Amino acid sequence: MKAQAEGLTFPCEFPIKAMGRHSETLVTAVLAVVQTHAPDASRERVNTQPSRNGSYLSVTVTVTAKSLEQLNAIYADLQGHDEVLATL
């Protein structure tokens, strides 16, 4: 059975975006947090975009979201991580 929430039909492909200071550990940290809730997330589904001056990095991990609760848990954990400054 598929659940619907906020215009989404689950399961669905969903991009999780987190931003932080540009560091070698940010991508690994974001992926590790996402994988605790979406174990099938892989490095191949990660895209990064540096800021114009290179000080910050946007990390997007596309996951197969199974529920709104799963997405909320991912965002809560990302927002609580020391390296993450913002999420979208």
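What you see is a predicted model; the values in this text were computed from it and never measured.

S.K.: Summarise the nonpolar core; cite the residues concerned and give the values.
M.R.: Within the largest apolar cluster, 24 residues are counted, with the highest numbers of intra-cluster contacts made by I16, V30, V34, V59, V61, V63 and L78. For this core, the secondary structure elements donating two or more residues are β3 (12-21), α1 (26-37), β5 (56-65) and α2 (68-79). No other element matches α1, which puts six residues into this core. I16 has contacts with V34, V59, T60, V61, V63, L71, I74, Y75, L78 and L88, leaving out every residue within four places of it along the chain.

S.K.: I'd love a proper account of the sheet that holds β5, names of residues and values included.
M.R.: If you trace the four strands from one edge of the open sheet to the other, you get β4-β5-β3-β6, paired in antiparallel fashion. If you trace the sheet from one side to the other, it starts and ends with β4 (46-50) and β6 (86-87), each paired once. As paired strands, β3 and β5 are joined by 10 bridges and run antiparallel to one another. Residue pairing in the sheet places M19 in a bridge with S58 of β5. Against the sheet, α2 makes contact with β3, β5 and β6, and its axis sits at roughly 10° relative to β3, the strand it touches most.

S.K.: Tell me what's going on with the packing of α1 against α2, and back it up with residues and numbers.
M.R.: The geometry of α1 relative to α2 is characterised by a closest axis approach of 9 Å and an angle of 150° between their N-to-C directions. It follows that α1 is roughly antiparallel to α2 by the angle criterion. The chirality of how α1 crosses α2 is right-handed. On α2, the residues touching V30, V33, V34, T36 and H37 of α1 are Q70, A73, I74, D77 and L78. Taken together, the residues that form the contact of α1 with α2 break down as six nonpolar, three polar and one charged.

S.K.: How would you summarise the pairing of β3 if you had to cite specific residues and measurements?
M.R.: Where β3 and β6 come together, two bridges link them in antiparallel fashion. In the strand pairing of β6, M19 is matched with A86.

Scoring rules and cut-offs
Residues numbered from 1 in each chain as written. Predicted model: local features only at pLDDT ≥ 70, side-chain atom pairs only at ≥ 80, totals over all residues. Heavy atoms only, no water. Core = buried A, V, L, I, M, F, W, Y, C linked by side-chain atoms within 4.5 Å. Buried < 20%, exposed > 50% of the residue type's maximum accessible area, 1.4 Å probe, protein only. Helix = DSSP H or I, 4+ residues; strand = E, 2+ residues; numbered from the N terminus. Contact = heavy atoms within 4.5 Å. Pairing = 2+ DSSP bridges. Axes fitted to C-alpha atoms, helices over the stretch in contact; angles between N-to-C directions. Parallel < 35°, antiparallel > 145°, perpendicular 65-115°, else oblique. Left-handed = near helix turned anticlockwise from the far one by under 90°. Nonpolar A, V, L, I, M, F, W, Y, C, P; charged D, E, K, R; others polar.

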